[in-house]
Amino acid sequence: MGKAGRLTETATLMRERPAAPGPSGTECLRVMSLNVAHGRKLAAQQVFVRRHKFHANLCDVAAVLRREAPHVVALQEADGPSFWSGDFHHVEKLADLAGYEHHFWGEHNGKAFGRRRISVGTAILSRLPLHSPRSVAFPRFPLRGSKGFVSALLPVPAAPGGAVHVVSVHLDFLRKPARRQQILTMVDELAHSKEPLIILGDLNCWWRRRDDAIHLLVNELGVQPCLPEARDLATFPARRPRLRLDWILLSPALRFGRYEVIADRVSDHLGVIAEVLVNPAA
């Protein structure tokens, strides 16, 4: 069996492994990342979606969250009230529908067109309290707006320092230099974190491009992905996934248990979910 075959077999075994116990003491933390695509589901552009459909689409997302029951969810392309996506706050709606008591959203791209406004950002939903939440917007690019990340500390008693530092990030989709500059901004903000990092998000790059931003992120912050060479963990486009754009990366003090791509097509990206455990060697 070749290397690619071994990786595929390992990925399958990890998906079949029974779920670890829930976080009464947060020994196992279930985390999930999903680009919700402004609530448009599989539509090509949100401006052509009727208002009532955004509510229905987010109900479908919430159903997946309730079924998978992650403790923490990182969202990208998550809208505040925006004329092109129903004029209501998508993150607040999802938190209510899926039963997440704690949530934090950061606006990274806000524009007004007369009385109309768009408001886009990233978010964290959590069943655990969010401490010291922060929002960082990356520099704006002409015609493409800005992206960014939000972060917060979550209490995990077994982790070094009794907490983990969770980050939800969205990187530029078009240019590698832009993504690398955004990663350097993340390094400036996160390199001195005393708590182990869990970075989740749409990185818009894949492992086989050795000069792309994910390798810079790994090298500078010391985080690691799960099975980076695996070929059956693609997340985009949802109809026929070919590219692994959505990632979960962990500091060495943490390790992966179960890891999988979720098949539900509630966005143009597929979601990823992992069970995170404290590394005994830490």
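Residues numbered from 1 in each chain as written. Predicted model: local features only at pLDDT ≥ 70, side-chain atom pairs only at ≥ 80, totals over all residues. Heavy atoms only, no water.

(A) How the structure looks around the pattern of salt bridges. Scanning all chains against the criterion turns up 13 salt bridges. The residue Glu107 makes a salt bridge to Arg117 at a minimum N-O spacing of 2.8 Å. A residue pair is termed long-range when its members are at least 10 positions apart, and Glu107 in strand 3 (residues 102–113) and Arg117 in strand 4 (residues 116–126) qualify at 10 residues. The exposure class of Glu107 is partly exposed, given its relative accessible area of 33%. Arg117 sits in the partly exposed class, given a relative accessible area of 35%. Here Lys176 and Asp211 are joined by a salt bridge, their closest N and O atoms 2.8 Å apart. Placement of Lys176 in helix 4 (residues 176–190) and of Asp211 in the loop between strand 8 (197–202) and helix 5 (213–221) is noted, with a sequence separation of 35 residues between them. Asp211 gets classed as partly exposed once you look at its relative accessible area, which sits at 42%. Ionic contacts of the salt-bridge type, sharing partners, join the residues Arg30, Arg67, Glu68, Asp264 and Glu275 into one network. (Salt bridge = Lys/Arg side-chain N within 4 Å of Asp/Glu carboxyl O. Helix = DSSP H or I, 4+ residues; strand = E, 2+ residues; numbered from the N terminus. Buried < 20%, exposed > 50% of the residue type's maximum accessible area, 1.4 Å probe, protein only.)

(B) Looking closely at the sheet that holds strand 12 (residues 272–278). The mixed open sheet is built from six strands, whose spatial order is 3-4-2-1-12-11. Strand pairing shows two members of the sheet lacking a second neighbour, strand 3 and strand 11 (254–261), which therefore form its edges. Between one strand axis and the next, the sheet turns through 15° on average, direction left out of account. The pairing of strand 3 with strand 4 spans 11 bridges and is classified as antiparallel. From the neighbouring strand, Glu107 faces strand 4, where its bridge partner is Gly121. In the packing of helix 2 (residues 51–68) onto the sheet, contacts are made with strand 1 (28–35), strand 2 (72–79), strand 4 and strand 12, and the angle to strand 1 comes to roughly 165°. (Pairing = 2+ DSSP bridges. Axes fitted to C-alpha atoms, helices over the stretch in contact; angles between N-to-C directions. Contact = heavy atoms within 4.5 Å.)

(C) Seen up close, helix 4. The terminal C-alpha atoms of helix 4 lie 21 Å apart, and with 15 residues this matches the ideal 21 Å at 1.5 Å per residue to within 8%. Among the residues of helix 4, those classed as buried are Ala178, Arg179, Gln182, Ile183, Thr185, Met186, Val187 and Leu190. For helix 4, the secondary structure elements touched by its buried residues are strand 5 (131–137), strand 6 (148–155), strand 7 (163–170), strand 8 and helix 5. (Expected span 1.5 Å × (residues − 1).)

(D) Region of the structure containing the packing of aromatic side chains. This model, assessed by the stated rule, comprises four aromatic pairs. With a centroid separation of 6.0 Å and an interplanar angle of 45°, the aromatic rings of Phe138 and Phe149 are classed as tilted. Residue Phe138 is found in the loop between strand 5 and strand 6, and its partner Phe149 is found in strand 6; the two are separated by 11 residues along the sequence. Here the two residues Phe138 and Phe149 agree in accessibility, since each one is buried. Ring centres 6.3 Å apart and planes at 45° place the aromatic pair Trp207 and Trp247 in the tilted group. With a gap of 40 residues between them, Trp207 in the loop between strand 8 and helix 5 and Trp247 in strand 10 (residues 246–250) connect regions that are remote in the sequence. Accessibility assignment for this pair places Trp207 and Trp247 in one class, buried. Above the plane of the ring of Tyr100 lies Arg127, whose end atom (NZ or CZ) is 4.0 Å from the centre. Of note, Arg209 hangs over the ring of Trp206, and the distance from its end group to the ring centre comes to 4.6 Å. (Phe/Tyr/Trp six-rings, centres within 6.5 Å; stacked < 30°, edge-to-face > 60°. Lys NZ or Arg CZ within 6 Å of the ring centre and 35° of its normal.)

The values reported here are purely geometric and, on their own, carry no functional implication.
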